[in-house]
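An overview of the molecular structure
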Amino acid sequence: MRELPIACSLDAADGARRMEQWRRLGEHAQLDAHRDGHTLAITYRPLALAELQRLVEAERSCCSFLAWSLSPSPDRVVLTIQADDAGDPELSRLAGLFGASG
């Protein structure tokens, strides 16, 4: 049984600002995005690591119903976002934001 609601805790203005931050980061650092079922993987240039860490920490606070993880390596950083069935609509919205294939 789920105790927390499936909804972002940001209001509309803060949510729009956050999406703009993701969009700007993507413009200069995103390499690829792919969705496979309930998993979304977005690949970034390594220079994005510090900003990704900041944004992921913020997302964990407002969208705790999604699992957010970072996997850095010397040539890339992969952001993985996972959802269960209940969180799938939000994952779909994020897939659109990141331009994910699959």
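Residues numbered from 1 in each chain as written. Predicted model: local features only at pLDDT ≥ 70, side-chain atom pairs only at ≥ 80, totals over all residues. Heavy atoms only, no water.

Structural notes on the pattern of salt bridges
Rules: Whenever Lys or Arg places a side-chain nitrogen within 4 Å of a carboxyl oxygen from Asp or Glu, that contact is recorded as a salt bridge. A helix here means a DSSP run of H or I that spans at least four residues, while a strand means a run of E at least two residues long, and both kinds are numbered starting from the N terminus. Categorising residues by exposure relies on relative accessible area from a 1.4 Å probe, with only protein chains included: less than 20% of the type maximum marks a residue as buried, more than 50% marks it as exposed, and the intermediate range marks it as partly exposed.
Taken as a whole, this structure holds eight salt bridges when the rule is applied. In this structure, the salt-bridge partner of R23 is E27, at a minimum N-O distance of 2.1 Å. Of this pair, R23 and E27 both sit in helix α1 (residues 12–29), separated by four residues, roughly a single helical turn. In this structure E27 comes out as exposed when scored by relative accessible area, which is 59%. The partner of R76 in a salt bridge is D75, with the nearest N and O atoms 3.0 Å apart. The class of R76 is partly exposed, set by a relative accessible area of 37%. In this structure, a network of salt bridges that share partners links the residues E20, R23, R24 and E27.

Brief notes about the confidence of the model for the protein chain
Applied cut-off: Confidence of the predictor at the level of single residues is captured by pLDDT, which takes values from 0 to 100. Whether two residues touch is decided by their heavy atoms; if any such pair falls within 4.5 Å, the residues are in contact.
Per-chain confidence: the protein chain averages 88 in pLDDT, with 85% of residues scoring 70 or above. In the model, residues 1–5 has pLDDT below 50 throughout and makes five contacts with residues more than four positions away in sequence or in other chains.

A few points about the side chain of T80
Tracing the chain through its elements places T80 in strand β4 (residues 76–82). Setting aside its immediate chain neighbours within four residues, T80 contacts T39, L40, A67, W68 and S69.

Some points on the nonpolar core
Keep this limit in mind: Buried Ala, Val, Leu, Ile, Met, Phe, Trp, Tyr and Cys residues form a nonpolar core when they are joined through side-chain atoms within 4.5 Å.
One finds W22, Y44, W68, I81 and F98 to be the most contacted residues of the largest nonpolar core, which totals 25 residues. Of all the secondary structure elements, the ones that give two or more residues to this core are α1, β2 (39–44), α2 (49–62), β4 and α3 (88–98). Among residues more than four places away in sequence, those in contact with W22 are Y44, L52, L55, V56, E59, W68, L79, L97 and F98.

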